[in-house]
Each structure stands twice: as C-alpha cells, then as structure tokens.
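Residues per chain, in single letters:
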Amino acid sequence: MAPTVLFIVNDPVAPPATLGDVFCELGYDTDTFAVVSKDRVEEPAYAVEFPDPLDYDVVVPLGARWAVYDERLRQTWVSDEMALVRAADAAGVGVLGVCFGGQLIAQAFGGTVRRSTDPEIGWRAVSTDAPDVVPDGPWFQWHFDRFDVPPGAVELARNAHAAQAFVIGHCLGLQFHPELDGPLLEAWLANDGHEAVELGVQPDELRSTTAQLQSDAARRLRTLVRAFTERVVRQP
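Residues numbered from 1 in each chain as written. Predicted model: local features only at pLDDT ≥ 70, side-chain atom pairs only at ≥ 80, totals over all residues. Heavy atoms only, no water.

A.B. asks: Mind showing me how you'd approach the overall build of the protein chain here?
C.D. replies: Within the protein chain, the secondary structure is distributed over six helices and 10 strands. Taken across its 236 residues, the protein chain has 53% of its residues classed as buried. Pairs at least 24 apart in sequence give 73% of the contacts found in the protein chain among residues at least 6 apart. Carbon together with sulfur atoms contributes 49% to the accessible area of the protein chain, which is approximately 9800 Å² in total. Between the centroid of the 18 positive side chains of the protein chain and the centroid of its 35 negative side chains there is a distance of 4 Å. (Helix = DSSP H or I, 4+ residues; strand = E, 2+ residues; numbered from the N terminus. Buried < 20%, exposed > 50% of the residue type's maximum accessible area, 1.4 Å probe, protein only. Contact = heavy atoms within 4.5 Å. Areas by Shrake-Rupley, 256 points an atom, 1.4 Å probe, with all protein chains shown as cover. Lys, Arg positive; Asp, Glu negative; His and termini not counted. Charge placed at Lys NZ, Arg CZ, Asp CG, Glu CD.)

A.B. asks: Where do I start with the environment of glutamine 202 in this structure?
C.D. replies: Structurally, glutamine 202 is set in the loop between helix H5 (182-198) and helix H6 (203-232). Taking the C-alpha atoms as reference, glutamine 202 lies 46 Å from methionine 1; in sequence the two are 201 residues apart.

A.B. asks: What is the right way to read the packing of H5 against H6 from this model?
C.D. replies: In a packed pair of helices, the relevant descriptors are the angle between the two axes and the axis-to-axis distance. Contact geometry for H5 and H6: axes closest at 10 Å, N-to-C directions at 150 degrees. Taken together, the axes of H5 and H6 lie roughly antiparallel to each other. The crossing of H5 and H6 is right-handed. For the pair formed by H5 and H6, the contact residues are Gly182, Leu185, Glu186, Leu189, Ala196 and Val197 on the first element and Pro203, Leu206, Arg207, Thr210 and Gln214 on the second. Broken down by class, the residue content of the contact of H5 with H6 amounts to six nonpolar, three polar and two charged. (Axes fitted to C-alpha atoms, helices over the stretch in contact; angles between N-to-C directions. Parallel < 35°, antiparallel > 145°, perpendicular 65-115°, else oblique. Left-handed = near helix turned anticlockwise from the far one by under 90°. Nonpolar A, V, L, I, M, F, W, Y, C, P; charged D, E, K, R; others polar.)

A.B. asks: I would appreciate a short explanation of the sheet that holds strand E1 (residues 4-9) in the present structure.
C.D. replies: Hydrogen bonds between backbone groups are what pair the strands of a sheet, and the pairing can be parallel or antiparallel. Strand order in the open sheet formed by eight strands is E2-E1-E3-E4-E10-E9-E8-E6, and the pairing between neighbours is mixed. In the strand order of this sheet, the two ends are held by strand E2 (29-34) and strand E6 (127-128), each with one partner. Where E6 lies against strand E8 (residues 154-158), two bridges are found, and the strand directions are antiparallel. Each residue of the ladder has a partner; that of serine 127, found in E8, is arginine 158. (Pairing = 2+ DSSP bridges.)

A.B. asks: Hey, could you run me through the pattern of salt bridges in this one?
C.D. replies: Side chains that differ in sign of charge can pair as their charged atoms come close. A complete count under the given rule lists 13 salt bridges for this structure. Arginine 114 is paired through a salt bridge with aspartate 148; the nearest N and O atoms lie 3.0 Å apart. Of this pair, arginine 114 sits in strand E5 (residues 113-124) while aspartate 148 sits in the loop between strand E7 (139-147) and E8, and the two are 34 residues apart along the sequence. The class of arginine 114 is partly exposed, set by a relative accessible area of 34%. What makes aspartate 148 partly exposed here is its relative accessible area of 26%. Its salt-bridge partner being arginine 231, residue aspartate 132 comes within 2.5 Å of it at the nearest N-O pair. In this pair, aspartate 132 is assigned in the loop between E6 and E7 and arginine 231 in helix H6, connecting sequence segments 99 residues apart. (Salt bridge = Lys/Arg side-chain N within 4 Å of Asp/Glu carboxyl O.)

A.B. asks: For this particular structure, what's the right way to read the layout of surface pockets?
C.D. replies: Gaps between atoms show up when a probe of the same size as a water molecule is rolled over them. When its volume is computed, the largest pocket comes out at roughly 430 Å³. Counting residues per element, the ones that place at least two in the lining of the largest pocket are helix H4 (100-108), E7 and H5. Classifying every residue of the lining of the largest pocket by side-chain character gives 10 nonpolar, five polar and six charged. (1 Å grid on protein atoms, 1.4 Å probe; cavity = no way out; pocket = protein on both sides within 12 Å on 5 of 7 lines; lining within 4 Å. Points joined across faces, edges and corners; volume = space filled by probe spheres on them.)

A.B. asks: Could you clarify how one ought to interpret the nonpolar core in this entry?
C.D. replies: Most often, soluble globular proteins have nonpolar side chains that are buried together. Formed by 34 residues in total, the largest nonpolar core has its most connected members in Val35, Phe50 and Trp77. Those elements that provide at least two residues to this core are E1, helix H3 (77-90), H4 and strand E9 (163-168). Sorting elements by how many residues they give to this core places H3 first, with six residues. Here tryptophan 77 is in contact with Asn10, Val35, Val36, Pro44, Tyr46, Val48, Phe50, Trp66 and Phe100, once residues within four sequence places are set aside. Counting residues in each nonpolar core, the second largest holds 31 residues, with Val5, Val22, Val126 and Ala157 among its members. (Core = buried A, V, L, I, M, F, W, Y, C linked by side-chain atoms within 4.5 Å.)

Below, the structure is given as structure tokens:
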C-alpha cells in the first residue's frame, strides 16, 4: 500500500502546487482538505471539522493570508489545526508546515509568532546548517509574520530577516514557500500583488526571477521532501 499525504489547504489561493508533484513522484497517494472556502475568505473565523491525521503518513499544512495568532481564528479552526499537528506528531505522522503552516507548528509547540519588522516578498537567500535537509536558497518568500522556533526545536536555516526552518519531533516547519511555481505566482499577484508593490517589489521582476530560478528550486525541493520523508517522518 502506498503512503499517503494530506495537504491542508488553509487558503484557497495557497494550493500544494509543486509539493503535490514531488510527493507523487515519491510514490505518495495525495489527498487535500480545504479549510477556508472561497466564499468565506472575508469572514474566515468559523468551526472546521478536520480529518483524522492518523489516517495519513504525512500532513502538510500550507500557507494562508491570515495570522496564526489572530484571536478570532485561534478561537475557531487554528486551535483545532494546532491540536491536529500535535496529535500527528505524537503518533509518528510527519508534519511539513509551509509559511503559515510552519508558523502554526511553531505556535502549536510553544513558539512565538509575531509581526515581522522585515517582511519578505520575492526570492531571498537562505543559509542552512543542514543542506542535505534544507538546501541553501534562494527560496521564495511571501510573509509579513515570522516565527521564533519553539522550545526543544532545532533551527536548521535562517536569513537576515527571520528563522527559515526548524525541526521538532516528526515536524519540519518552513518560513519560505518551496512550492512556488509560475502559475501560483500569478495567482498571488492577482490576489495580493499590491503587497509586493508596497514593499518596492515589481511584479515583472518576480516573474522574471521566478522563470530563472524555478528549475533549480524544484531540484532543491525534491532534496528537501526526500530528506523530510526519510529523516523526519521515519525517525524512531
């Protein structure tokens, strides 16, 4: 029987993108669960019944436009998703959190998530202590919040703006977006392109750089996912 991965799509404009392709290449059957639907993005605080994480080998909480510390969301589905992460980890189910998902893992295990004084949009250098797990960047960023790694976690990667990756138990939290490809970039520019412009980043610059770096980033993503499945998911 093939291993299974559940992608938690917290925001309708943050799908698995190339992460789905890589897990499929590694022989995983994939499933997705949508948290906030398109018709609820303006009022995202409502009750959500999540799948049982123990039905899967890996759970991947993805990005979102909201803050994990938003009290309205913490009183509804964010608290339940954090409980899902902790239950998955306790059962040996691997958890790979991306941006909002990485922040959610940090918060679930007692780390702090806060507004960043240096928000990042675009391809940014990332230095790593574990290049065989999280290769050196550049990796794509689109975040206004940042995490401090939780107690007991090991920080794996960082840049001048924020911690970028950590591991705790069976969980790997990422601040960057390794799943970014051209179509996903276009969706984000259509939805929130003004944020990039406000930070002095031009959409055409993002498109050009993405076209140049996407192939190498996809190679590094395969290294990251393979290392995650072999070293984090299967650790004793």
